[in-house]
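# Residue-level structure breakdown
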Amino acid sequence: MENKGKFYITTPIYYPSSNLHVGHTYCTVMADAMARFRRMQGYDVRFLTGTDEHGQKIQTLAEEKGVTPQAYVDEVVAGIKELWKTMEISYDDFIRTTEERHETRVQQIWNRMYEKGDIYKGKYEGMYCTPCESFWTESQLVDGKCPDCGRPVVKAEEEAYFFKLSNYAQKILDLYEEHPEFLQPETRRNEMKAFINQGLEDLCVSRCTFDWGVPVPNDPKHVMYVWVDALSNYVTALGGPEDTELMGKYWPADYHLVGKEIVRFHSIIWPAMLMSADLPLPKHVLGHGWLLLGGEKVSKSKAAKGLDVVDPVILIERYGIDALKYFLLREYTFGQDGNFNNEVMLKRMNYDLANDLGNLVSRTVSMIEKYCGGVIPAAAIEDDFDKDLKAIAVGAREKVEAEMDKFAFNMALEEIWVVVRRANKYIDEKAPWVLAKDESKKAELDTVMKNLAEAIRVVSVLIYPFMHTTSDEIRKQIGLEGTETVWDDALVFDLMEGVKVCKGNAIFPRIDIDKELEILSGIAEEIAKKKAAASADPVEKAILESKPLELKDEIVYDDFDKMDFRVGTILKAEKHPKADKLLVFQVKMGTEVRQVISGVADSYKPEEMVGKKVVVVANLKPRQLRGMESYGMLLFADGEDGKSIVVTTDAPDGSVVC
């Protein structure tokens, strides 16, 4: 096959704070499918993934476990590598930022930037988020918390080195303008333009309050901060920044695949660093969307929350590698967020894989065995149905390539399934079971069997980048076991005559969805219990143990907006003269004092309520309670043993609660 040149694709390097979940799997599966696709086309592919192993969070986690940071990351990284092995990820290199090859080379990149005059020593004052290892200004915080993860931040002040990121703002904007393809999709590019136009500040690129990191050259009390350390991996894995054989062959990268939460680092900080180090820029940065659970991004803390299983190992054990890969690539549109849930996944597996593809292969092989002695016959005749099937099958490759060039994995698979569905329809149109009853129709029956075998062979070629194990199994059943899967063979429709088929087990057995959902719910709950028991972080433990509340019927905002809640102070409280359970309150709400009656005498003595600042539903229609008028309702919460707990506030009397 003709060598079409080099193709260098990367995933982000993953942070080994704990085991990976299906969200990480999504990105890696996309990169793997693209790498396999380009290899089949004839490209010299370099596929890089790895782990970002330094930082304060790793050091803290290691200390909590009583091990060294290196021992901690070694254990987690071993699990990550085992996961990629299980998923048959075809990476060419796995870079770890704790490797000597990386540490030495990232120091060379630092020196280039320093000698350029782009790194200087200063003092940092700001708000720091330990989980994200990010500094933020007060204005960037959201409700006083980290804008990325929503966790609390702490005020930090320390000596640090800074990178003159502000000097590169216009150059980055020019890059977007002159090469819009550099950052895709367009929504991400527009977000980054807006971020830059707010004003870029110089970037803190070292830390001196911990030592788990790459030492800064000539100032070892500082370690490099994540920006320089982690981002440089794409170059250091090739032996860069020096002009090594791999650097000369594969750099610049063709595609960096990253989640949208780290697009800013890859499309602003990384190109600015490369400009400073006098290195070529990558050709494309692609920011994919998030997989969402209940509307929230799948994260390590949410990985066992609710009733959805997001541990890829469990999903693979139950449904197979290719079923999971197919779902991830077929269900979601690149660049957009997508909801992940077990039911959607199981339905996709049943409808597309079991019903469409699996059934097509099984029916065809069975009919060839039954009607043709297991040997694929010649096609002696041709009608319009035959021509249409052939045209759709051999025309699919070009359409798949066009979609893959756009990283539209879901649409590439849709083009393949057009062939699958057309072949199934062809069976119904030609009704081979009817043809088999008429000896005069033998030539037509043979043609049907031959054409179905050819269509399935074409499908086996086209699905190989996405599901190579399934492709191999299909080829085994249609008699092509051990033969090379060649991309150009998808353009040919006459390779199967005389081949002996070999019927096997169902490629994708049908799933009892209701039963399977029940099983997965049990698995998810068990995982949540184990993680909650093991969690030392009370916030993480609370998240893992949380369960949905049983609520009243849902209301819309307009319903809520009709209610007028006001703050008031209880001036007087006494028992109702005609009802033992009722207390009568005189409540001052700003300019007005009104009478409110509540059934809380079992929970409070009258004198306990005087002086409390309470919340009143002030526009509730008045009603008679045992001969006395009540003009509103106080808010209480249910306490233990059926006792009521009054809702209090420090807001001024008469304030509107909204």
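Residues numbered from 1 in each chain as written. Predicted model: local features only at pLDDT ≥ 70, side-chain atom pairs only at ≥ 80, totals over all residues. Heavy atoms only, no water.

## Observations concerning the overall build of the protein chain
The number of helices and strands found in the protein chain is 22 helices and 26 strands. C-alpha atoms of the protein chain, sized along the principal axes, occupy 100 × 75 × 50 Å. A buried classification covers 52% of the 658 residues belonging to the protein chain. The contacts of the protein chain with a sequence gap of at least 6 include a subset with a gap of at least 24, amounting to 74%. With the model as given, the accessible surface of the protein chain reaches about 30500 Å², and the carbon-plus-sulfur share is 49%. Seen as two clouds, the 83 positive and the 108 negative side-chain charges of the protein chain have centres 4 Å apart. (Helix = DSSP H or I, 4+ residues; strand = E, 2+ residues; numbered from the N terminus. Buried < 20%, exposed > 50% of the residue type's maximum accessible area, 1.4 Å probe, protein only. Contact = heavy atoms within 4.5 Å. Areas by Shrake-Rupley, 256 points an atom, 1.4 Å probe, with all protein chains shown as cover. Lys, Arg positive; Asp, Glu negative; His and termini not counted. Charge placed at Lys NZ, Arg CZ, Asp CG, Glu CD.)

## Topic: the pattern of salt bridges
Under the criterion given, the structure shown has 39 salt bridges. One salt bridge connects E414 with R421, and the closest N-O pair in it is separated by 2.4 Å. On the accessibility criterion, E414 (18% relative accessible area) is buried. Residue class for R421 comes out partly exposed when judged on its relative accessible area of 35%. Here E454 ties to K450 by a salt bridge, and the two come within 2.8 Å at their closest N and O atoms. Of the two residues, E454 and K450 are both situated in helix α17 (residues 442-462); the distance of four residues between them amounts to about one turn of the helix. Salt bridges linked by common partners bring R46, D93, E99 and R101 together as one network. (Salt bridge = Lys/Arg side-chain N within 4 Å of Asp/Glu carboxyl O.)

## What about helix α15 (residues 409-430)?
Owing to its 3.6 residues per turn, the α-helix aligns residues three or four sequence positions apart on the same side. Spanning 22 residues, α15 covers 32 Å between terminal C-alpha atoms, matching the ideal 32 Å at 1.5 Å per step. α15 sits mainly inside the fold: 16 of its 22 residues count as buried. Looking at the residues trailing α15, positive phi occurs at A431, about 45°. (Expected span 1.5 Å × (residues − 1).)

## Points about the pairing of strand β20 (residues 613-617)
Across the five residues that make up β20, a large majority, four, are buried. As judged from the five bridges shared by strand β17 (residues 565-576) and β20, these two strands associate in the antiparallel manner. Within β20, the residue paired with F565 across the bridge is V617. Pairing analysis gives two bridges linking β20 to strand β23 (residues 633-634), with the strands arranged antiparallel. By the bridge assignment, V617 is partnered in β23 with M633. (Pairing = 2+ DSSP bridges.)

## As for unusual backbone geometry
Following Q184, the chain continues into P185 via a peptide bond in cis, with omega recorded as 0°. Structurally, P185 can be placed in the loop between β7 (183-184) and α6 (186-197). Looking along the chain, the bond that leaves G240 and enters P241 is cis, with omega of 15°. Within the secondary structure, P241 sits in the loop between α8 (233-236) and α9 (245-250). Located in the positive-phi region is D278, a residue other than glycine, with phi close to 60°. With respect to the helices and strands, D278 occurs in the loop between α10 (263-276) and β13 (285-288). Among the residues examined, D278 registers a relative accessible area of 57% and is labelled exposed. The phi angle at R626 is positive, at roughly 55°, despite the residue not being glycine. Among the secondary structure elements, R626 is positioned in the loop between β21 (623-625) and β22 (628-630). Residue class for R626 comes out exposed when judged on its relative accessible area of 52%.

## Notes on the sheet that holds strand β2 (residues 44-51)
Within a sheet, neighbouring strands are paired by backbone hydrogen bonds and run either parallel or antiparallel to one another. Ordered by their spatial adjacency, six strands build an open sheet running β3-β2-β1-β12-β13-β7, and the pairing between neighbours is parallel. A single partner strand is all that each edge strand has here, and the edge strands are β3 (93-96) and β7. As judged from the two bridges shared by strand β1 (residues 6-14) and strand β12 (residues 255-259), these two strands associate in the parallel manner. In the strand pairing of β12, T10 is matched with H256. Sheet strands touched by α10: β7, β12 and β13. Its angle to β12, the strand with the most contacts, is close to 135°. (Axes fitted to C-alpha atoms, helices over the stretch in contact; angles between N-to-C directions.)

## Things to note about the nonpolar core
If you look at soluble globular proteins, the nonpolar side chains tend to sit buried side by side. Residues I9, L357, F409, W417 and F466 are the most contacted members of the largest nonpolar core, which totals 106 residues. Beyond its immediate chain neighbours, meaning those up to four positions away, W417 contacts Y326, D352, L353, D356, L357, I463 and M467. Residues Y124, A237, I269 and M273 belong to the second largest nonpolar core, which totals 62 residues. (Core = buried A, V, L, I, M, F, W, Y, C linked by side-chain atoms within 4.5 Å.)

## Here's the deal with the sheet that holds strand β9 (residues 206-207)
The sheet built from three strands is open, its strands ordered β9-β11-β10 with antiparallel pairing. In this open sheet, the two edge strands, each paired with only one partner strand, are β9 and β10 (215-216). Inspection of the sheet shows β10 paired to strand β11 (residues 219-224) by two bridges, in the antiparallel sense. Bridging from a neighbouring strand, V216 pairs with D219 of β11. Sitting on the sheet, helix α4 (residues 100-115) is in contact with β9, β10 and β11, with an inclination near 100° to β11.

## Topic: the packing of aromatic side chains
On inspection of all chains with the given rule, the structure shows 22 aromatic pairs. Geometrically, the ring pair formed by W251 and W270 is edge-to-face, given 6.3 Å between the ring centres and 75° between the ring planes. Here W270 lies in helix α10 and W251 lies in the loop between α9 and β12, a separation of 19 residues in the sequence. Looking at W251, the relative accessible area reads 7%, which means it is buried. Among the residues examined, W270 registers a relative accessible area of 1% and is labelled buried. Through a chain of ring-to-ring contacts, three or more aromatic side chains come together here, namely F7, Y43, Y255, F407 and F409. Here R207 stacks its cationic end above the ring of Y128, 4.3 Å away from the centre of that ring. One Lys or Arg, R207, reaches over the ring of Y225 and ends 5.9 Å from the middle of that ring. (Phe/Tyr/Trp six-rings, centres within 6.5 Å; stacked < 30°, edge-to-face > 60°. Lys NZ or Arg CZ within 6 Å of the ring centre and 35° of its normal.)

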